[in-house]
Amino acid sequence: MNLWRLLGVSIFLLGTVCFIGTTNYAGGQDKDKKPDDKKVVDKKTDDKKTDDKKPEVKKTDDKKPEPKADEKKKDEPKKEEPKVEPKTGGDTLPFKAFDPKGKPFYQEQTTTTKQKIKVQGQEVTQDQTQTFIVQWTPKEMSGTDYVVAQKIVGVKMSIDIGGNKITYDSTAKNPKNPMTDFFEQLMKQELIFTISPDLKVKKIDGRTAFIKALADINPQMKGLLDAILSDDALIKMAEPTWWAYPKGGVVSPGLTWKENSKLDLGPIGTYDTNFDFTYKGKEKELDKIDIKTKLSYSAPTKKEGLPFIIQSATLTSDNGTGEALYDRAKGRFQKTKLEMKLKGDLKIEVGNMTTNVELNQSQDATTITHDENPWADKK
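The sections below set out a description of the structure shown in this document. For clarity, every value in this text was computed on a predicted model and none was experimentally measured.

What counts, and at which threshold
Residues numbered from 1 in each chain as written. Predicted model: local features only at pLDDT ≥ 70, side-chain atom pairs only at ≥ 80, totals over all residues. Heavy atoms only, no water. Buried < 20%, exposed > 50% of the residue type's maximum accessible area, 1.4 Å probe, protein only. Helix = DSSP H or I, 4+ residues; strand = E, 2+ residues; numbered from the N terminus. Pairing = 2+ DSSP bridges. Salt bridge = Lys/Arg side-chain N within 4 Å of Asp/Glu carboxyl O. Phe/Tyr/Trp six-rings, centres within 6.5 Å; stacked < 30°, edge-to-face > 60°. Lys NZ or Arg CZ within 6 Å of the ring centre and 35° of its normal. Axes fitted to C-alpha atoms, helices over the stretch in contact; angles between N-to-C directions. Parallel < 35°, antiparallel > 145°, perpendicular 65-115°, else oblique. Left-handed = near helix turned anticlockwise from the far one by under 90°. Contact = heavy atoms within 4.5 Å. Nonpolar A, V, L, I, M, F, W, Y, C, P; charged D, E, K, R; others polar. Polar contact = N/O pair within 3.5 Å; in protein donor to acceptor, adjacent residues only side chain to side chain.

A look at the pairing of strand S5 (residues 191-195)
Alright, step 1. For S5, the buried fraction is high: 4 of the 5 residues fall into the buried class.
Alright, step 2. Relative to S5, strand S3 (residues 146-161) runs antiparallel, the two sharing 5 bridges. Bridging across to S5, Val-148 finds its partner in Phe-193.
Alright, step 3. What sits between S5 and strand S6 (residues 201-205) in their antiparallel hairpin is a turn of 5 residues, with Leu-199 showing a positive phi close to 65°.

The following block contains the structure:
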């Protein structure tokens, strides 16, 4: 029984981190591809070169001015497409979240995970809800780059694995144990992000001290923490603040753009997620962006760091849906949410024994932005 408990806790770890790759990525607008147009032009020029009747074409030039004039008229709308700024006409989402003159703001990030794990014909259910309050504090800019501090100031967690419950609440008194020590240390740490004007993270300061402080609670976790809390992973975890923001902030009805996120979490595996964003217009004074995601998982190439080894896996999800609501007045996202189902098989080695595991998971993630810490009066 202890073996399956360990397996359940370990699968919970996999489930907890899998959503990092799906909720956290900054949107980038696709660039139009024009190779086909070039080919058409080349064919026309080739036809002209091989055309033996060029003189006749010249003779009919007197009749062509009129169609050419018509063609020009037809072409006029095309030339004006960039000018069709009614679509963009002042329709740019201003980004003010990291304005150095701005005040700190708080994100309430809640993730609910429901899992059904089938091992050797026995099914184990696991329900987990976690909420983090993340404080963002704008600092003085570094040239044209934003500088902002990120700190976790509140945590609530409830885990139920086959009837065995684990809870933690930073706003209440908790029994002293390694879990409480871990979260208490987590809330003492701060990371500093340097972010370019196009919202790309250029540098993270404080990561080494961050990992050391957490690893001091349990030195055996250092290898795992190094893998999970890599620079890339920390960037992905930070990006819910702006992840659905369109390139340049320019929007128009029906505008679509795509992005891909690949997150390598060492011994936990790699999550590859494709995002499709669609701008839907205004909804109650907020700009709405619809989101669709497709996620695939690859088993790890690095095996060290966990109490089990994921030998192989076929986990996929192609029906993730969600939305993001943007507040122009405050220049930041007011709310984002994403729902995703993940299912497939894993082959896991625990204590030199290989076990096949069927995983069926649903996960909902919501982020709400506040001007003040929503739990301030609960402490």
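Some remarks on the pattern of salt bridges
Alright, step 1. Within the structure shown, the criterion is met by 16 salt bridges.
Alright, step 2. When the shortest N-O distance is used, the salt bridge between Lys-202 and Asp-145 registers 2.8 Å. You can see Lys-202 sitting in strand S6 and its partner Asp-145 sitting in the loop between strand S2 (122-138) and S3, a full 57 residues away along the chain.
Alright, step 3. We classify Lys-202 as exposed; its relative accessible area is 53%.
Alright, step 4. Take Asp-145: its relative accessible area is 10%, and that puts it in the buried class.
Alright, step 5. Two residues, Arg-207 and Asp-226, come together in a salt bridge whose shortest N-O distance is 3.8 Å. Of this pair, Arg-207 sits in helix H8 (residues 207-215) while Asp-226 sits in helix H9 (residues 222-228), placing them 19 residues apart in sequence.
Alright, step 6. Three or more residues are tied together by salt bridges with common partners; here these are Arg-207, Lys-222, Asp-226 and Asp-231.

A closer look at the packing of aromatic side chains
Alright, step 1. Summed over all chains, the structure comprises 17 aromatic pairs.
Alright, step 2. Between the aromatic rings of Phe-95 and Phe-98, the centroid separation amounts to 5.5 Å while the plane-to-plane angle is 75°, which identifies the pairing as edge-to-face. Here Phe-95 matches Phe-98 in class, with each residue buried.
Alright, step 3. Plain terms: the ring middles of Trp-136 and Phe-193 are 5.8 Å apart, the flat faces sit at 50° to each other, and that makes the pair tilted. Of this pair, Trp-136 sits in strand S2 while Phe-193 sits in strand S5, and the two are 57 residues apart along the sequence. For the residue pair Trp-136 and Phe-193, the accessibility class agrees, reading buried in each case.
Alright, step 4. A cation over an aromatic ring shows up here: Lys-156 above the ring of Trp-375, its NZ or CZ 4.5 Å from the ring centre.

Section: the packing of helix H7 (residues 178-186) against H8
Each pair of packed helices can be described by the angle between their axes along with the distance between the axes.
Alright, step 1. One can describe the packing of H7 onto H8 by two numbers: an axis separation of 9 Å at closest approach and a directional angle of 160°. The angle between H7 and H8 places the two elements in the roughly antiparallel class. Taken as a pair, H7 and H8 cross one another with a handedness that is right-handed. Here H7 contributes Phe-182, Gln-185 and Leu-186 to the contact with H8, which in turn contributes Phe-210, Ala-213 and Leu-214.
Alright, step 2. The residue makeup of the contact of H7 with H8, split by class, is 5 nonpolar, 1 polar and no charged.

Notes on the side chain of Gln-189
Alright, step 1. With respect to the helices and strands, Gln-189 occurs in the loop between H7 and S5.
Alright, step 2. Residue classification places Gln-189 among the buried positions, given a relative accessible area of 13%.
Alright, step 3. Polar side-chain contacts of Gln-189 include one of 2.6 Å to the side chain of Gln-185.

Section: the pairing of strand S10 (residues 309-327)
Within a regular strand, side chains alternate between the sheet's two faces.
Alright, step 1. The sheet contact formed by strand S9 (residues 286-298) and S10 spans 9 bridges and is antiparallel. Bridging across to S10, Ile-289 finds its partner in Ala-324.
Alright, step 2. Hairpin connection between S10 and strand S11 (residues 332-350): a loop of 4 residues separates the two successive antiparallel strands, and Gly-331 in this loop has a positive phi of roughly 65°.

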